[in-house]
Amino acid sequence: MRKKWKERYQRQKIQTVILSAVTGVSVFFFFILAIIFTNYMENILENFIREKKGQQTEFLAESVEQACKEAIDFFDTVYYKIIKKENFQEEGFMKLLDFVCEENQNLVGNLLLYNEQGEVLYERQSEGLQNLSKEKKEEMMKKAKSHVGKTWFEKDASFQDILLYRFVEINYDGEIQPAVLAGTLKYQRIVQAFQMQGDERYGYSYMKTPEGTLIYHPKGLQLQHGVYTEKLGKELITADGIHDEKLDGKRYLVRQRTVGYTGWKIIGIASLEEGLYEEYPINLLIWSLFGGMGILVICINRYIVKKITEPIERLSKKAEQFDDKDLDREIEEEGTYEVRQLAESFNQMRKRIKQLMTKAVQKEKEYWDMQMKLLQSQVNPHFLYNTLDSIIWMIESKRYQGAVKMVTALAGFFRISLNKGEDFITVEKELLHAKNYMEIQGIRFEDKFSFDVEIEENIKKYICPKLIVQPLAENAVYHGMESMYGDGEIHICACEEDDKICIVVADNGEGMSDQQIEQIMKQEVISSRRGSGIGVRNVDKRIKHCFGEEYGITVESEVDEGTVVKIRIPKVEDMNEYWKEKFSGDSSVDFSSYRELSVEGTERDNHYDFRHSSKGI
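If you're wondering where the values come from, they're calculated on a predicted model, not measured in any experiment.

### Re the pattern of salt bridges
Tallied over the entire structure, the rule returns 20 salt bridges. Between Asp244 and Arg251 there is a salt bridge; the shortest N-O distance is 3.7 Å. Judged by relative accessible area, Asp244 falls into the partly exposed class, the value being 39%. On the accessibility criterion, Arg251 (28% relative accessible area) is partly exposed.

### Some thoughts on the pairing of strand β1 (residues 108-115)
Here β1 lies mainly inside the structure; eight of its eight residues are buried. Where β1 and strand β5 (residues 175-185) come together, seven bridges link them in antiparallel fashion. By the bridge assignment, Asn110 is partnered in β5 with Thr184. In sequence, β1 turns back onto strand β2 (residues 120-124) through a hairpin of four residues, with Gly118 there showing a positive phi of about 90°.

### Focus on the packing of aromatic side chains
In the structure shown here, the tally under the stated rule is seven aromatic pairs. Ring centres 6.1 Å apart and planes at 55° place the aromatic pair Phe74 and Phe75 in the tilted group. An aromatic cluster is defined as three or more aromatic residues linked by ring pairs; in this entry it consists of Phe547, Tyr551 and Tyr578. The cationic tip of Lys137 hangs over the ring face of Tyr114; the distance from NZ or CZ to the ring centre is 5.6 Å. Lying over the aromatic face of Trp152, Lys150 brings its terminal NZ or CZ to 3.8 Å of the ring centre.

### Describing the side chain of Glu230
The residue Glu230 is located in the loop between α6 (220-224) and β8 (241-247) in this model. Lacking a salt bridge, the buried Glu230 has Lys219 as its closest oppositely charged neighbour, with an N-O distance of 7.2 Å. Among the polar contacts listed, one links the side chain of Glu230 to the side chain of His217, at a separation of 2.7 Å. Sequence-distant contacts of Glu230, defined by excluding residues within four places in its chain, comprise Tyr204, Tyr206, His217 and Leu223.

### Things to note about the environment of Lys84
Within the secondary structure layout, Lys84 lies in the loop between α2 (14-83) and α3 (91-103). Judged by relative accessible area, Lys84 falls into the partly exposed class, the value being 47%. Filtering out sequence-adjacent residues up to four positions away, Lys84 remains in contact with Tyr79 and Glu169.

### What to know about the sheet that holds β5
An order of β2-β1-β5-β4-β3 is seen for the five strands of this open sheet, with the pairing classed as antiparallel. Edge positions in the sheet fall to β2 and β3 (152-155), since each has one partner strand and no second. Neighbour-to-neighbour, the strand axes of the sheet open up by a mean angle of 25°, direction not taken into account. Along the sheet, α3 makes contact with β1 and β2, crossing β2 at roughly 35°. Against the sheet, helix α4 (residues 134-146) makes contact with β1, β2, β3, β4 (162-172) and β5, and its axis sits at roughly 75° relative to β4, the strand it touches most.

### Quick notes on helix α5 (residues 187-196)
When we look at burial in α5, the residues that qualify are Tyr187, Ile190, Val191, Ala193 and Phe194. The arc that holds the buried residues of α5, viewed along the axis, is 160°, so those residues lie on one side. Opposite the packed face of α5, turned more than 90 degrees from it, sit the exposed residues Gln195 and Met196.

### As for the state of the cysteines
In protein structure, a disulfide is the covalent linkage between the sulfur atoms of two cysteines. Per the counting criterion, the structure on display carries zero disulfides. This cysteine, Cys495, is not joined by any disulfide, and Cys502 carries the nearest cysteine sulfur, 5.0 Å off. With a relative accessible area of 1%, Cys502 lands in the buried category.

### Observations concerning the pairing of β2
Where β1 and β2 come together, four bridges link them in antiparallel fashion. Opposite Leu112, over in β2, you have Glu123 as the bridge partner.

### Focus on the confidence of the model for the protein
Residues at a pLDDT of 70 or more form 81% of the protein, whose mean pLDDT is 78. Averaged over each element, pLDDT in the protein is lowest for helix α7 (residues 276-279) (54) and highest for strand β15 (residues 500-507) (95). This model gives residues 525-533 a pLDDT under 50, and the stretch forms 23 contacts once residues within four places in sequence are excluded. When the criterion is pLDDT under 50, residues 585-617 qualifies, and its contacts beyond four places in sequence or with other chains add up to 92 contacts.

### Considering the sheet that holds strand β6 (residues 204-208)
Strand order in this open sheet of five strands is β7-β6-β10-β9-β8, and the pairing throughout is antiparallel. Only two strands of the sheet have a single neighbouring strand rather than two, namely β7 (214-216) and β8. Each strand of the sheet is rotated relative to its neighbour by a mean of 30°, with strand direction disregarded. Direction of pairing for β8 relative to strand β9 (residues 250-258): antiparallel, over a ladder of seven bridges. Paired with Lys246 across the two strands is Arg251, which belongs to β9. Its contacts with the sheet put α2 on β6, β8, β9 and β10 (265-271), and the angle it makes with β9 is roughly 30°.

### Notes on the layout of surface pockets
If you add up the space inside the second largest pocket, you get close to 440 Å³. Taken together, 20 residues form the lining of the second largest pocket, with Asn475, His479, Gly480, Met512 and Ile520 sitting closest to its centre. Counting only elements with at least two residues in the lining of the second largest pocket, the list comes to α13 (470-480), β15, α14 (514-522) and β17 (562-569). The biggest single contributor to the lining of the second largest pocket is α13, with five residues.

### Some points on a negative patch on the surface
On the surface, Glu482, Glu510, Glu558, Asp560 and Glu561 cluster together into a patch of negative charge. Relative to the elements of secondary structure, Glu558 occurs in strand β16 (residues 552-558). With relative accessibility at 53%, the residue Glu558 sits in the exposed group.

Cut-offs and rules
Residues numbered from 1 in each chain as written. Predicted model: local features only at pLDDT ≥ 70, side-chain atom pairs only at ≥ 80, totals over all residues. Heavy atoms only, no water. Salt bridge = Lys/Arg side-chain N within 4 Å of Asp/Glu carboxyl O. Buried < 20%, exposed > 50% of the residue type's maximum accessible area, 1.4 Å probe, protein only. Helix = DSSP H or I, 4+ residues; strand = E, 2+ residues; numbered from the N terminus. Pairing = 2+ DSSP bridges. Phe/Tyr/Trp six-rings, centres within 6.5 Å; stacked < 30°, edge-to-face > 60°. Lys NZ or Arg CZ within 6 Å of the ring centre and 35° of its normal. Lys, Arg positive; Asp, Glu negative; His and termini not counted. Polar contact = N/O pair within 3.5 Å; in protein donor to acceptor, adjacent residues only side chain to side chain. Contact = heavy atoms within 4.5 Å. Axes fitted to C-alpha atoms, helices over the stretch in contact; angles between N-to-C directions. Arc of directions from axis to C-beta. Disulfide = S-S within 2.5 Å. pLDDT = per-residue confidence, 0-100. 1 Å grid on protein atoms, 1.4 Å probe; cavity = no way out; pocket = protein on both sides within 12 Å on 5 of 7 lines; lining within 4 Å. Points joined across faces, edges and corners; volume = space filled by probe spheres on them. Patch = residues over 30% accessible without salt bridge, like charges linked within 9 Å, V, L, I, M, F, W, Y side chains within 5 Å. Areas by Shrake-Rupley, 256 points an atom, 1.4 Å probe, with all protein chains shown as cover. Charge placed at Lys NZ, Arg CZ, Asp CG, Glu CD.

Rendered as structure tokens:
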């Protein structure tokens, strides 16, 4: 896996690698910042919710306390201003109580006064209080007497309003008797206080007694019918304050506040994952903000990375396209200092390679020039000696015509061999050179073989390397005709074949095996006392060097059947143009040392008739 990732990394462009790295770091950085800011904002929001819920609960408690205080003040007024001062038997006592109740009917809906025996001394709109049982009255009397001066508040299931009562003493004809003053605080006052603070963004609040009896709940109707069950804030905490609870995997803030005068507990519930989070989606805002900043940073990074890496990529592309055919094109030096240094070094390397290639081409050309000169100088002295000896013999034998013919052929042979120092001659002259050679050999080896030389008219003008046919004709004479006596034949012809020039040297000699053919093709120079010393393999290499690997010599032979040697070369009229095209216009190759060879620029002899057959003279 690691190797695969490494290979994949190595195939990536530098722009992709740098951009991916910078983008990855930026995304990671913004991701960490987003998490930090999210936690920070969540803490701020949580503290805000705690503060708001505390303020809401505090306000509710103060509102309920205010209603309770007003009820207590009302009871204190009734007790201290009327009951304690006035005589119960007097006529104005009841009227005063009626008046006070009338003035405060919005606060206290019912008023009841009964003595220690449970007898009702006064009642006002007390339909609800009439349902108080004897046991309840005794309980209320006992609790009131235990804390004289305290007003008790209770939520009784027998009626809707809040029951409140306190201990009082009645002046009954100068006799002080204990009694209980009871009344009801309108429940609507409590409901109004909660409804005024019913902002659902900060959760909800309900109120209950220390014993757990619900006094108010926003879902009271559902609670009565069992549709809803309150599970939060059920356990009272010792001191008022805030604590956290979990329900169904969600966190809730529970705020408890004790209502003064009553001991009731107001419980404020706020979700730490909903409420304000829904109205103010802080997480969405933060992630959107950092996401937008991340996209902006990625775009900026991409622009900067592109500016930095584009020169490197152009340099890389130029390096990929660089070859020996593009040595003159320099790379622009642009970008940062290091990239410009690379481009400068690359251009210097290109110039150095161009110089080295020029030197290599020149040296290779010089090598082949020397090789050509060496091979051309290797015309075996024995060939010249034997030819001259044959001429002397003919003259002494008064065979002057044969001697003249032999001298003429020998002069033509050497004139074409020299060719004014040129390395290339026309196909016509190359076959004339081979014809001169065969005439000399035909005279020397009379009655041993016959030969003929043919060339198609349309290929005479084309150019070929010098001395490529004569070595093949030489092999045919010395190796093919060795065991022949009068019935040997050598045929040399040049024709057009598949848009190429094909020169064939064929004989009907003793032939060769495949092993002998392989040996001949591997041997460059044949050490012979009889021939020129230029081997078949050397001719093949010269042709391939000049024209390419698709050209050269092929040999076909069968033992006792004969041998056919074929030379294939392209149709070329100007070697300079051919070499320039071969090197694709590479200006680094200097052809100035070659004399320009073309049909028009080559000295031409008169037309020769190649259709010649001889058995010697």
